[in-house]
Amino acid sequence: MQDAIAPERLAALAEIRATLRAGQQTLADWREGPLAVSAVPGAGKSTGMAAGAAIAIVRHQLNAHRQLVLVTFTRSAAANLKAKVQRYLRDLQFPLNSFVVYTLHGLALTIATRNPDLS
């Protein structure tokens, strides 16, 4: 899908990736499927995840109908992650409705309330 991305946007994605440390770049290189990130506080998880999320959103041309789902443990981590992804997407001039951020409990509640017959 990278063929459809404008060259200047590809350059901006490369710049974002270049600001990350090696371990964070692994997050930025994620292509598909589940991904779990575990590290000590202050290790740069949210920065790496936010950069990786923004890169994936642009790379896969995600939108309101096909979103990336990010899940964290705490509300403060979710708010922090959401703000960082939004900042990257604004800089890339990309729509902000291409992802959602939940806590584990918030995601479970959303699934249960949207599918009461299954819960």
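Computed from a predicted model, the values in this text were never measured in an experiment. (Residues numbered from 1 in each chain as written. Predicted model: local features only at pLDDT ≥ 70, side-chain atom pairs only at ≥ 80, totals over all residues. Heavy atoms only, no water.)

(A) View of the overall build of the chain. Counting secondary structure elements, the chain contains five helices and two strands. Listing the helices and strands of the chain from first to last along the sequence gives α-α-α-β-α-β-α. Here the C-alpha atoms of the chain give a radius of gyration of 15 Å, agreeing with the 14 Å that 2.2 N^0.38 yields for 119 residues. Nonlocal contacts in the chain, meaning residues at least 24 apart in sequence, comprise 67% of its contacts between residues at least 6 apart. Carbon and sulfur atoms provide 57% of the accessible area of the chain, an area that totals close to 7600 Å². (Helix = DSSP H or I, 4+ residues; strand = E, 2+ residues; numbered from the N terminus. Rg over C-alpha atoms; globule rule 2.2 N^0.38 Å. Contact = heavy atoms within 4.5 Å. Areas by Shrake-Rupley, 256 points an atom, 1.4 Å probe, with all protein chains shown as cover.)

(B) Spotlight on the side chain of Gln-25. When you line up the elements, Gln-25 lands in helix H2 (residues 22-28). For Gln-25, a relative accessible area of 18% translates into the label buried. Here Arg-17 takes part through its backbone oxygen, which lies 3.2 Å from a polar atom of the side chain of Gln-25. In this structure, Gln-25 is in contact with Arg-17, Ala-18 and Leu-20, ignoring residues within four places of it in sequence. (Buried < 20%, exposed > 50% of the residue type's maximum accessible area, 1.4 Å probe, protein only. Polar contact = N/O pair within 3.5 Å; in protein donor to acceptor, adjacent residues only side chain to side chain.)

(C) Summary view of the confidence of the model for the chain. Scored by pLDDT, the chain has a mean of 91; 97% of the residues are at 70 or more. Between the elements of the chain, mean pLDDT differs from a low of 87, seen in H2, to a high of 97, seen in strand S2 (residues 99-103). (pLDDT = per-residue confidence, 0-100.)

(D) Looking closely at the environment of Ile-55. Along the chain, the position of Ile-55 falls in helix H3 (residues 45-59). For Ile-55, a relative accessible area of 2% puts it in the buried group. Through-space distance from the C-alpha of Ile-55 to that of Arg-17 is 8.2 Å; in sequence the pair is 38 residues apart. Apart from residues lying up to four places away in sequence, Ile-55 is in contact with Leu-13, Ile-16, Arg-17 and Ala-28.

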